[in-house]
Each structure stands twice: as structure tokens, then as C-alpha cells.
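Letter by letter, the chains look like this.
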Amino acid sequence: MERDFFLYNTLSRRREKFEPLTPGMAGIYVCGPTVYGDAHLGHARPGITYDVLVRLLRHLGYKVRYVRNITDVGHLENDSDEGEDKIEKKARLEQLEPMEIVQHYTIRYHEAMKLLNTLPPSIEPRASGHIPEQISLVSKILEGGYAYISNGSVYFDVERYNQKYPYGILSGRTLENVISNSRELDGADDKRSPFDFALWKKATPEHIMKWDSPWSNGFPGWHLECSAMSAKYLGERFDIHGGGMDLLFPHHECELAQNTAARGEGGVRYWMHNNMITINGQKMGKSLGNFITLEELFTGSHEILERAYSPMAIRFFILQAHYRSTLDFSNEALTAAEKGYKKMVQAAKDVANLNAYGQELSTEIEAVRDGIYDALCDDLNTSVALANLFEAVRVVNLAKDGQFKLSIKDKEMLQFLFKEIMEGVLGLVDEQSGTGNSQVLNEVVDMILEMRREAKAEKNFAKSDAIRNRLTGVGITIKDTKEGTDWSL
Ligand code: ZN
């Protein structure tokens, strides 16, 4: 590799040079969604962050194996060991099979991720497809004496583990503060301590997704799948484990403890965590009425949205912040991001038509290139990388106005930066450059919207409403704004 890549390791709490276990190869595991609802704004940030990580490492010359799981079993309500399975609950409410829920929302998740231009993972394992691997991991942990069987369920013995290994090392907790934050046992519990967590749960008769095991007919605990599947596809030791900060505790802490209990070491070299998105300064939550799905964002169909925002505007908005910083969503911030995105894409198009003379690479362009690589290789600083790309935009606009003389080398370098960095690494593509059918569709819808504007201007509201209804009928949503009319499929 010509360039060193540095990343912040949550475990060591330090910025470290990336040194993969196998030179030239990178193994990455990212916790994917529990598929019981539509992908929302909270899914966009890890989706895009780890996509840029994978794209950057490939750009730097690494061969990357990117594993992102689908949780389709074992994730109980409130992320605890009690309550209904999130997917089974949804299935009961919708009167569908759990696997129908899983299939439906997995497809929806893939569609949303594709619109955001994230690359698919190399392997996308499902928890329900890895029951034997999970059972064998539970057996190993039991053999080591770090778990116990209780009424057909198996629990991880946190206190016993903590005698040998530091429980809480990843999230920065001590067993004392884990204990003080755990609720009291209610007596009906099979656990010895409230902070123990389930590796295997005996199923109640009405439970649907269950399998035979040496302990009971039941199902795996939520944290178990990631320990089992990361080892299966990346090895018991692998390079990078990523996920949202909300997964740090208990999910990743328990994963690390399971790995260590079964194999004597945590197995992960670098733990990465992206920060969360807030909405107008508040945490996103169903009870707060600010829970926005990606589809609602793309169509503008949520009461707190002033209009629709395109997937690239959202991608640009997310990349404007460093992945470890908080990011506050607002209509103003997204509108500003959309403006910035359009400016950048326009400059990328304009550069092809500029005249260039001479062979010297100018210092301005060289500084822009170095600034971009330095930023991206410094713990994925997309925020500074974008600021440097805006310098490139400024140079293009100066050259357009005749105020900057581009050399052939300058022009080539600018084209390289827009093509390979903006598009290739940051994944920001030109949404308007649709070819074939999508180009035709854009023009046809614009034409129809023009007819509707004319009808409105003539106060022929029956006609303008009829046009709107016909468009809705074929799946095109339109939304009137101060600037005009937005539409989306
Ligand atoms: Zn996980």
C-alpha cells in the first residue's frame, strides 16, 4: 500500500495505523439490521460510513471481504432477554409468517441501501441460517465454565468471566456500574444475576422460530449470531468490526465476552463505532413522532419534512460530518447539503469542457489531492475530504471564468478526483445523469408537471387535481414547494 490508513479503535481509545492480519487483505464485519420494519434515517449512517470504509480500502489497493449480517431471530423487545421476538411480534400483528416479515423488510432494506448507492456486502449471513454454528459456540462457552444452564436456557456468567477477563473493557464500564444499572431480578427469571445475558433461550409453546439443541427446543440470544458468523466468514481473528454506537453496550460488549470465553481472546483488531443522528436536536424515536423512514425522506411524506430529499442529498449530508461526530438532521441542513452536492456534481461535469495548456501540475491542485487523501486516511475524515473537494470546485469555476489557467495535468487530476474520489470512494454520483428509461421518465414527468402548472394558472383545479391523481395512480408522488414541484417514484 502506498498510503497508510489510520483509524480510531474504540477498544484502545486511540488512533492506530491499520495493519491487517494478512497484508493487502481486510476483513470487515458490520452489524446489520434486525428486519422487522422499514429502513430509517438511523440505518443510513452506518450503511454509508462502512460503505465509504470499504470503498476507500479497495481504492487504496486492499482486497476487502465485507460481511454484514441480517438479524432475523433472537432480537427480543427492548434489546433485553425478555419479551417477544421483534420479528415474531410484527408477524403476529400483520398476521404473516415471521419469514415473510424477514423477506419483506430485507428486500426493502436492500432497495433503500441501493438508492443511497451503498455497495452490497461480500457476504450477508442470516442468524437463522447459522443455528448449528451458534449451538457449537454455546457448547464451547459452557465447556470453559463461563455459562450455566437454567431451566433449559443457557446464560453467560458475567461475574465468573469478570474474575479472569475485564467485562466492560470495550464500552468503558466496570462490573460495578453495570450492576448498578441492571434492574432487580423479578424472581420469575432463570438468571443468577440481572447482568447475565442469554446465549440460548428455551422457547415457550407459542414461540414460532425455534430449534432443537442439547438444552431445549429454543432459539439463540441476540449477541451470539455475530460471534458465530464473524468467525465463520472472517476467522476467529479478524481486522475490523463496525456498528453504531447504540450497539456498543450491551451487544458488542457481549460479543467480545463471548469470543474471549470461547477462544481466549476478543478476536477483533479494530472496533469502529459511528455516532448517531439526532433530529432537530432530539433523539429519534417512535414515541417522539420524529421517526423518519428512508422512503419518507425520499418522498417527503412525513409531517416534519418540508419536502422530499434525494438519496444523494442525504448521502452528502451524512458525509459532511465525521462519522464519530453527532449529526443533527433538519430541513435547513439537508437543503444546504443538497445545494453543495449539486454544485459539486456540476463542477465535475464542467471540468470536461475546460481548455487546458501545459504539463505542470499546479500546486493548488496538488494540495487539494493531498488534502483529500490525508483526510480520508485519517480515520475516514469525509468532512475535511469534502472541504478539499470544494477547493477543486472553486478552481473549476475560476477556470471557467478564465481566472485560472489549467494545465493538462491539472485537468486530468481534477477529473481523477471527481471520478475516483467523489464518485468512487465517497459514492456521490450524479442523480440527474439518468440514461435510457430514467432520462425519458424525467422528461415525461417534467412535461406533465408543466401541464399541471398551466392548469393551475388557468384556475382549472379539476384538471390539476386529475393530473395529480393519475400520477399517484402510477406510483409517482408529487409535492408542491415554494420553489416548484418535487416528484418521486
Ligand atoms: Zn451484531
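Owing to the predicted nature of the structure, the values given are computational and were not obtained by experimental measurement.

Engineer: Even after reading the chapter, I still don't get the overall build of the protein, so can you show me in this structure?
Structural biologist: Within the protein, the secondary structure is distributed over 16 helices and 15 strands. In terms of C-alpha radius of gyration, the protein reaches 26 Å, essentially the compact-globule figure of 23 Å for 489 residues. Taking all 489 residues of the protein together, 52% fall into the buried category. Within the protein, contacts between residues separated by at least 24 positions form 73% of all contacts whose residues are at least 6 apart in sequence. Within the protein, the 70 negative side-chain charges are centred at a point lying 2 Å from the centre of the 57 positive side-chain charges.

Engineer: Would you mind showing me how to read the domain arrangement of the protein here?
Structural biologist: For an interface, size is often stated in terms of accessible area lost upon the parts coming together. What the domain assignment reports for the protein is domain 1 (14–274), domain 2 (278–433) and domain 3 (442–488). If you average the C-alpha positions of domain 1 and of domain 3, the two centres end up 47 Å apart.

Engineer: What am I meant to see in the coordination of the zinc ion here?
Structural biologist: Ideal values differ by geometry: the angle at a metal is 109.5 degrees with four tetrahedral donors, but 90 or 180 degrees with six octahedral donors. Protein coordination at the zinc ion comes from Cys-31 (SG), Cys-226 (SG) and His-251 (NE2), with a distance range of 2.0 to 2.1 Å. Ordering the donors of the zinc ion by residue number gives the pattern C-x194-C-x24-H. Placement of Cys-31 in the loop between β3 (25–30) and α1 (41–59) and of His-251 in helix α8 (residues 248–263) is noted, with a sequence separation of 220 residues between them. Neither residue differs from the other here; Cys-31 and His-251 are each classed as buried.

Engineer: Teacher, can you tell me more about the state of the cysteines here?
Structural biologist: Formally, a disulfide is one covalent bond, and it connects the sulfur atom of one cysteine to the sulfur atom of another. Within this structure, the stated rule accounts for 0 disulfides. The thiol of Cys-254 is not disulfide-bonded; the next cysteine sulfur, from Cys-226, is found 11 Å away.

Engineer: I tried to follow the nonpolar core on my own but got confused; where do I start?
Structural biologist: Within soluble globular proteins, side chains that are nonpolar tend to cluster in buried spots. Of all hydrophobic cores here, the largest spans 81 residues; its most connected members are Phe-5, Leu-57, Leu-297, Phe-329, Leu-389 and Phe-418. The element contributing the most residues to this core is α1, with 9 residues. Here this core spans two domains, and each of domain 1 (14–274) and domain 2 (278–433) adds at least three residues to it. With sequence-adjacent residues up to four places away left out, Leu-389 is seen in contact with Met-344, Ile-372, Leu-417, Phe-418, Ile-421, Met-422 and Leu-426. In terms of nonpolar packing, the next biggest core, distinct from the first, is built from 27 residues, Tyr-146, Phe-195, Ala-228 and Ala-261 among them.

Cut-offs used in this document
- Sequence order as written defines residue numbering, which begins from 1 separately in each chain.
- The model is predicted, so local features are restricted to residues of pLDDT at least 70 and side-chain atom pairs to those at 80 or more, both for listing and for counting; the totals for chains, interfaces and linings are taken over all residues.
- Water and hydrogen atoms play no part in the side-chain values, which are based on all heavy atoms of the structure.
- Comment: elements are numbered from the N terminus, with helices defined as DSSP H or I runs of at least four residues and strands as E runs of at least two.
- In this treatment the radius of gyration is a C-alpha quantity, and the globule benchmark scales as 2.2 Å times the residue count to the 0.38 power.
- Three labels apply to residues, based on accessible area from a 1.4 Å probe with only protein chains included: buried if under 20% of the type maximum, exposed if over 50%, partly exposed otherwise in between.
- We call two residues in contact when some of their heavy atoms are within 4.5 Å.
- When charges are counted, Lys and Arg are positive and Asp and Glu negative, with His and the chain ends excluded.
- Positions of charges follow a simple convention, taking NZ of Lys, CZ of Arg, CG of Asp or CD of Glu.
- All the domain ranges listed were derived from an automatic or database domain assignment.
- For Na, K and Ca the donor cut-off is 3.2 Å, while for other metals it is 2.8 Å, and in both cases only N, O and S atoms qualify; water is not among them, so sites may look incomplete.
- Working definition: a disulfide is two cysteine sulfur atoms within 2.5 Å of each other.
- Each nonpolar core is a collection of buried residues, namely Ala, Val, Leu, Ile, Met, Phe, Trp, Tyr and Cys, held together in the definition by side-chain atoms within 4.5 Å.

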